[in-house]
Amino acid sequence: DIQITQTIFASTAVGSLLILAIGILGVVHIGKITRVDKDYIIPLVVVFAISGSYSLNISFIDVFTVLFAGLIGYLFRKFEYSIVSLLLGAILGGIIETNLLRSLNLGGGSYSIFIESPLSIFIIFLIFAVSIGPSILVLLSSLKNNIVKR
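Notes on the structure in this doc start here.

### Considering the overall build of the chain
Regarding its fold elements, the chain presents 5 helices and 0 strands. For the chain, the sequential pattern of α-helices and β-strands runs α-α-α-α-α. What you see for the chain is a C-alpha radius of gyration of 25 Å, clearly larger than the 15 Å of a compact globule of 150 residues, by over 25%. Every one of the 150 residues in the chain was classed for burial, and the buried ones make up 5%. Surface exposure of the chain reaches about 13200 Å², of which carbon and sulfur atoms provide 74%. Each charge sign in the chain was given a centre, from 9 positive and 7 negative side chains, and these centres are 19 Å apart.

### Focus: the packing of aromatic side chains
Following the criterion strictly, the structure yields 3 aromatic pairs and no others. Between Y54 and F60, the ring centres sit 5.0 Å apart and the planes meet at 45°, which makes this aromatic pair tilted. Residue Y54 is classed as partly exposed on the basis of its relative accessible area of 31%. Between F76 and Y81 the ring centres are 5.5 Å apart and the planes differ by 55°, which places this aromatic pair in the tilted class.

### A short note on the layout of surface pockets
Roughly 430 Å³ of volume is contained in the largest pocket. Where the lining of the largest pocket is concerned, the elements lending two or more residues are α2 (38–57) and α3 (60–78). In terms of residue count, α2 provides more of the lining of the largest pocket than any other element does, 7 residues in total. When its residues are assigned to classes, the lining of the largest pocket shows 8 nonpolar, 1 polar and 2 charged.

### What about the side chain of D62?
The topology assignment puts D62 in helix α3. Despite its burial, D62 pairs with no opposite charge; the closest candidate is R77, at 24 Å N-O.

### Quick notes on helix α5 (residues 118–149)
Spanning 32 residues, α5 covers 44 Å between terminal C-alpha atoms, matching the ideal 46 Å at 1.5 Å per step. Of all the bends in α5, the greatest, near 45°, is centred on I132, and the proline P134 appears no more than four residues after it.

### Thoughts on the packing of α2 against α3
Orientation of α2 relative to α3, taken along the N-to-C sense of each, is 145°, at an axis distance of 7 Å. Handedness of the crossing formed by α2 with α3: right-handed. Along the contact surface, α2 presents A49, I50, S53, Y54 and N57, while α3 presents F60, D62, V63, V66 and L67. Here the contact of α2 with α3 is built from residues that sort into 7 nonpolar, 2 polar and 1 charged.

Thresholds applied
Residues numbered from 1 in each chain as written. Predicted model: local features only at pLDDT ≥ 70, side-chain atom pairs only at ≥ 80, totals over all residues. Heavy atoms only, no water. Helix = DSSP H or I, 4+ residues; strand = E, 2+ residues; numbered from the N terminus. Rg over C-alpha atoms; globule rule 2.2 N^0.38 Å. Buried < 20%, exposed > 50% of the residue type's maximum accessible area, 1.4 Å probe, protein only. Areas by Shrake-Rupley, 256 points an atom, 1.4 Å probe, with all protein chains shown as cover. Lys, Arg positive; Asp, Glu negative; His and termini not counted. Charge placed at Lys NZ, Arg CZ, Asp CG, Glu CD. Phe/Tyr/Trp six-rings, centres within 6.5 Å; stacked < 30°, edge-to-face > 60°. 1 Å grid on protein atoms, 1.4 Å probe; cavity = no way out; pocket = protein on both sides within 12 Å on 5 of 7 lines; lining within 4 Å. Points joined across faces, edges and corners; volume = space filled by probe spheres on them. Nonpolar A, V, L, I, M, F, W, Y, C, P; charged D, E, K, R; others polar. Salt bridge = Lys/Arg side-chain N within 4 Å of Asp/Glu carboxyl O. Expected span 1.5 Å × (residues − 1). Bend = angle between axes of the 7 residues up to and from the residue. Axes fitted to C-alpha atoms, helices over the stretch in contact; angles between N-to-C directions. Left-handed = near helix turned anticlockwise from the far one by under 90°. Contact = heavy atoms within 4.5 Å.

Listed below in structure tokens is the structure:
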């Protein structure tokens, strides 16, 4: 058993060194990809994304999922929404839901578990301040500008 473990560690170390060597030697040439015009890169990325999604399960449902995700990304960029927040929501949404249900189970189904400690009340206040604060600042700024103009 110890030989198998040592073999796995050794092969992981050798693989890491090979990847490091390839990365160091290839960084100059791989960096040239950034100079290629978008008119060539975007169609290649679309073709690879669609063919990769189809080949995963040999299903057109996966292709439509990729196209739908691309449409959502395009709309987010067009209307200047944060794509990062979309990705965070998609990735963390399930985790948050699971932990919300776990907390509610611990609290016997009552939402009061979220406001029992001063720390949780402070965190809730900070969430509201960060969420609503920028809108209030814009509102106050516009009110100030209206008062100054009069």
